[in-house]
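# Summary of structural features
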Amino acid sequence: MTIQRPTQRLTTPRSLIEAGLAAPERLQELEAVAERYAIGLTPALATLVQPGDPADPIARQFVPDARELIRDPAERDDPIGDDAMSPVKGLVHRYPDRVLIKLVAVCAVYCRFCFRRERVGPGAGVLSSAEFAAALDYVRAHTGVWEVILTGGDPLTLAPRRIAEATLALAGIPHVKTLRWHTRLPVAAPERVTKAMARALMAEGKTTVVAVHANHPRELTESARSACRRLTAEGAMLVSQSVLLKGVNDDGETLIALMRAFVEAGVKPYYLHHGDLAPGTAHWRVPIAKGQELMRLLRARLSGLATPSYMLDIPGGRGKVPIGPQWVRTGGGGTHLVTDPRGGEHLYVDRLEMGA
Ligand code: SF4
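These notes cover the structure that comes with them. (Residues numbered from 1 in each chain as written. Predicted model: local features only at pLDDT ≥ 70, side-chain atom pairs only at ≥ 80, totals over all residues. Heavy atoms only, no water.)

## Regarding the site of the ligand
Cys 107, Val 109, Tyr 110, Cys 111, Cys 114, Arg 184 and His 213 make up every residue found near the ligand. The class makeup of the residues in the shell around the ligand is 5 nonpolar, 1 polar and 1 charged. (Near = heavy atom within 4 Å. Nonpolar A, V, L, I, M, F, W, Y, C, P; charged D, E, K, R; others polar.)

Given below as structure tokens:
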């Protein structure tokens, strides 16, 4: 298969096929999936696809697959329970000290494993001015809110002017100290992460965090790294988000390379998500036991600086927790069996717990 390096964003089955990213005989399959879920692939990511590799880890993340139409009984339209925790449109208040505001429902790329796949897509829109004002009123009225997470969709798809308006409005709330933006744009369209956009995320006296989503080390190209550097140059703290995906990054060497690539781009590895129970995503999920085994390997091979936490968003909106592996087993009388990074076990006796 020959890949025609695209210059435009690919949004239809036919455009994926014309770009050489899917075989022509898959048109019907791709169209059936596209009726349900949006397609989006930017030139920056399409260019990374290796020609002739049907299992290419970049292509697989964005090219539809018939298995997306198979629903596992455990899967839910709203896998992490946003709706039940949403007091006003576009705002989710799950934890006491932070809220999440979904500014937009569109993304530059549409990941086939997206946890909000039933909510995002073209036409799903932007939070209106009145809806954003209502979200601001809610944050103002809840003085315990220390952090606001801007998400979507991908909020960095907005123009810098719109981003600056949101930043300034939130920064004007005294008890809000941290603004965290969740985005895939530094890897999906690094050229759009301009100095002007980076500046639009900043506000005097507030901390700006950008959570950069990437799943394979090839996504951290030199252009993507430059985009990250533009964000840090303006003062943003960068952290990573990745999803553990079967066939993309569920092997030790790929995960090690991904985490090192993040650090080299100035991004602190933060979360490795266990796949959420979004509809039609069973083929992406990896057993938790395997995820824990991979985390053991990362702990043995990487510095703490490059090691993320392996996280599960408990279905139904119960919150996000690290799911191991466990490094300590607690016995009675202050005894603990601690596992070292190479797997050896050691007795640790806590004299404080013994009452000594
Ligand atoms: S960028 Fe995030 S919100 Fe957008 S499709 Fe991918 S996972 Fe979903």
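## A word on a nonpolar patch on the surface
Taken together, the side chains of Val 328, Val 338 and Tyr 348 present a nonpolar region at the surface, about 250 Å² in accessible area. Secondary-structure assignment places Val 338 in strand S11 (residues 335-339). Relative accessible area serves as the criterion here: at 30%, Val 338 is assigned to the partly exposed category. (Patch = residues over 30% accessible without salt bridge, like charges linked within 9 Å, V, L, I, M, F, W, Y side chains within 5 Å. Areas by Shrake-Rupley, 256 points an atom, 1.4 Å probe, with all protein chains shown as cover. Salt bridge = Lys/Arg side-chain N within 4 Å of Asp/Glu carboxyl O. Helix = DSSP H or I, 4+ residues; strand = E, 2+ residues; numbered from the N terminus. Buried < 20%, exposed > 50% of the residue type's maximum accessible area, 1.4 Å probe, protein only.)

## Focus: the side chain of Asp 340
Residue placement: Asp 340 occurs in the loop between S11 and strand S12 (345-349). Arg 342 is the oppositely charged side chain nearest to the buried, salt-bridge-free Asp 340, at an N-O distance of 4.4 Å. Here Arg 342 takes part through its backbone nitrogen, which lies 2.7 Å from a polar atom of the side chain of Asp 340. Look past the residues within four positions of Asp 340 in its chain and what remains in contact with it is Trp 327 and His 346. (Lys, Arg positive; Asp, Glu negative; His and termini not counted. Polar contact = N/O pair within 3.5 Å; in protein donor to acceptor, adjacent residues only side chain to side chain. Contact = heavy atoms within 4.5 Å.)

## Digging into the nonpolar core
Counting residues in each nonpolar core, the largest one holds 88 residues, and the members touching the most others are Leu 21, Ile 101, Leu 103, Val 139, Val 148, Leu 170 and Trp 181. Sort the elements by how many residues they give to this core and helix H10 (residues 252-264) lands first, with 6 residues. (Core = buried A, V, L, I, M, F, W, Y, C linked by side-chain atoms within 4.5 Å.)

Read these as layout, nothing more, since geometry by itself doesn't imply function.
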